[in-house]
Amino acid sequence: MKDAWFTIQKIDPLTFAISEYGHWEKVHSFLLLGTHSAALIDTGLGIDNIKRVTDQLTSLPIKVLTTHVHWDHIGSHGQFTDIYVHEGDLNWLKHGIQGLSISQIRNDISRDITSPVPETFNPETYKPFQGEPAGLLEDGDEIDLGNRQLMVYHTPGHSPGHICVFDKTNGYLFTGDLLYDQAPVYAFYPSTDPQSLTASLVKIAGIRGVREVFGSHHTLGLSPEILEEVKKACTYLRENDLAKFGTGIHQFNGFSVQF
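A brief structural summary. Quick caveat: nothing in here was measured; it's all calculated off a predicted structure. (Residues numbered from 1 in each chain as written. Predicted model: local features only at pLDDT ≥ 70, side-chain atom pairs only at ≥ 80, totals over all residues. Heavy atoms only, no water.)

### Quick notes on the side chain of Arg 148
- Assignment of secondary structure puts Arg 148 in the loop between strand S8 (142-144) and strand S9 (149-154).
- For Arg 148, a relative accessible area of 2% translates into the label buried.
- Within polar-contact distance, the side chain of Arg 148 engages the side chain of Asp 167 at 2.7 Å.
- Excluding residues within four positions of it along the chain, Arg 148 makes contact with Leu 14, Thr 15, Leu 32, Leu 33, Gly 34, Ile 143, Asp 167, Thr 169, Asn 170 and Tyr 172. (Helix = DSSP H or I, 4+ residues; strand = E, 2+ residues; numbered from the N terminus. Buried < 20%, exposed > 50% of the residue type's maximum accessible area, 1.4 Å probe, protein only. Polar contact = N/O pair within 3.5 Å; in protein donor to acceptor, adjacent residues only side chain to side chain. Contact = heavy atoms within 4.5 Å.)

Dropping the structure here:
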């Protein structure tokens, strides 16, 4: 399947990555199909309408699972009615992202674009989605899509309500902005928490049965061995009292963090 803005990649017959490689953020959203419903993990930048893609991939009812409320992950939320978010990010979804001005968001959405954008995109009027979700997600929630079981892990640090989603049926761990490669995982904004992020990394590194890790930026699909590196990295950060603001970028084997 080809699209003018999105790149659609089939992970398996029932799992799709919907990527925006024409933007510097290199954002991935993920569509997971079950037998009676589907889950869409995030909705991308909002430069173009991701629902156009999901409508072509499935006719199942879609639950949008928000990894966190940052503008590059909620761009097409307004196209869906069944949106879920962790309570820690609920206020941001309803009232806007804390500490981030609209001018900064518009600057970030419009810079370093390498692909033609649709005529409907105007960075001068771009506004992140704000609204009420259909429901809230909690740590330990299990979501049954029909022959496909998902588990929600609350993993704060990058944002208060950040979550990861583990597809128990297939061994896929979707880590949002908690873990990816090629650029630092950010926990240096006032709204972030380096110690919580470190604890969240330890938490996901202990999940059993992970076959592949899917971050929301950059390389699509990381080996589960990266979770062993995460364990070592977090031990190092804690033993050296580095999990705090102002200690800078810490580079490890396969990923990095910035505090």
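### A closer look at the sheet that holds strand S10 (residues 163-167)
- One open sheet accounts for 5 strands, arranged S8-S9-S10-S11-S13; its pairing is mixed. In this open sheet, the two strands that pair with only one neighbour each are S8 and strand S13 (212-215). Across the sheet, the mean angle separating the axes of adjacent strands is 20 degrees when strand polarity is ignored.
- As defined by bridge partners, strand S11 (residues 172-176) adjoins S13 across 4 bridges and the pair is classed as parallel. Residue pairing for S13: Phe 174 is matched across the bridge by Phe 214. (Pairing = 2+ DSSP bridges. Axes fitted to C-alpha atoms, helices over the stretch in contact; angles between N-to-C directions.)

### Topic: the packing of aromatic side chains
- One pass over the full model with this rule turns up 11 aromatic pairs.
- For the ring pair Phe 121 and Tyr 126, a centre distance of 6.4 Å and an interplane angle of 70 degrees mean the geometry is edge-to-face. A single burial state applies to Phe 121 and to Tyr 126, both of which are buried.
- One aromatic cluster is present, formed by Phe 30, Tyr 172, Phe 174 and Phe 214 through successive ring pairs.
- Over the aromatic face of Trp 24 sits the side chain of Arg 111, whose NZ or CZ is 3.7 Å from the ring centroid. (Phe/Tyr/Trp six-rings, centres within 6.5 Å; stacked < 30°, edge-to-face > 60°. Lys NZ or Arg CZ within 6 Å of the ring centre and 35° of its normal.)

### Observations concerning the pattern of salt bridges
- The full count for this structure, using the stated rule, is 12 salt bridges.
- In this structure, Asp 48 engages Arg 52 in a salt bridge whose closest nitrogen and oxygen atoms are separated by 2.9 Å.
- Residues joined by salt bridges that share partners form a network here, namely Asp 3, Asp 48 and Arg 52. (Salt bridge = Lys/Arg side-chain N within 4 Å of Asp/Glu carboxyl O.)

### Concerning helix H3 (residues 102-110)
- Residues of H3 that are buried include every one of Ile 105, Asp 108 and Ile 109, and no others. The buried residues of H3 all sit within an arc of 100 degrees when viewed along its axis, so they share a single face.
- The positive-phi residue at the C-terminal boundary of H3 is Asp 112, with phi of around 55 degrees. (Arc of directions from axis to C-beta.)

### Some remarks on the layout of surface pockets
- Empty space within the largest pocket amounts to approximately 530 Å³.
- What lines the largest pocket is a set of 23 residues, among which Glu 25, Trp 71, Asp 108, Tyr 186 and Tyr 189 lie closest to the centre.
- Here the lining of the largest pocket is composed, by residue class, of 10 nonpolar, 8 polar and 5 charged.
- Size it by volume and the second largest pocket reaches roughly 180 Å³.
- Lining of the second largest pocket is provided by 14 residues; of these, Gly 46, Asp 48, Gly 75, Ser 76 and Gln 79 occupy positions nearest its centre.
- Here the residues of the lining of the second largest pocket are counted per class, giving 4 nonpolar, 8 polar and 2 charged. (1 Å grid on protein atoms, 1.4 Å probe; cavity = no way out; pocket = protein on both sides within 12 Å on 5 of 7 lines; lining within 4 Å. Points joined across faces, edges and corners; volume = space filled by probe spheres on them. Nonpolar A, V, L, I, M, F, W, Y, C, P; charged D, E, K, R; others polar.)

### Things to note about unusual backbone geometry
- One non-glycine residue with positive phi stands out, namely Lys 26, at about 50 degrees.
- Look at Lys 26 and you get partly exposed, because its relative accessible area is 26%.
- For Gln 182, which is not glycine, the phi torsion reads 75 degrees and is therefore positive.
- Topologically, Gln 182 is positioned in the loop between S11 and strand S12 (185-186).

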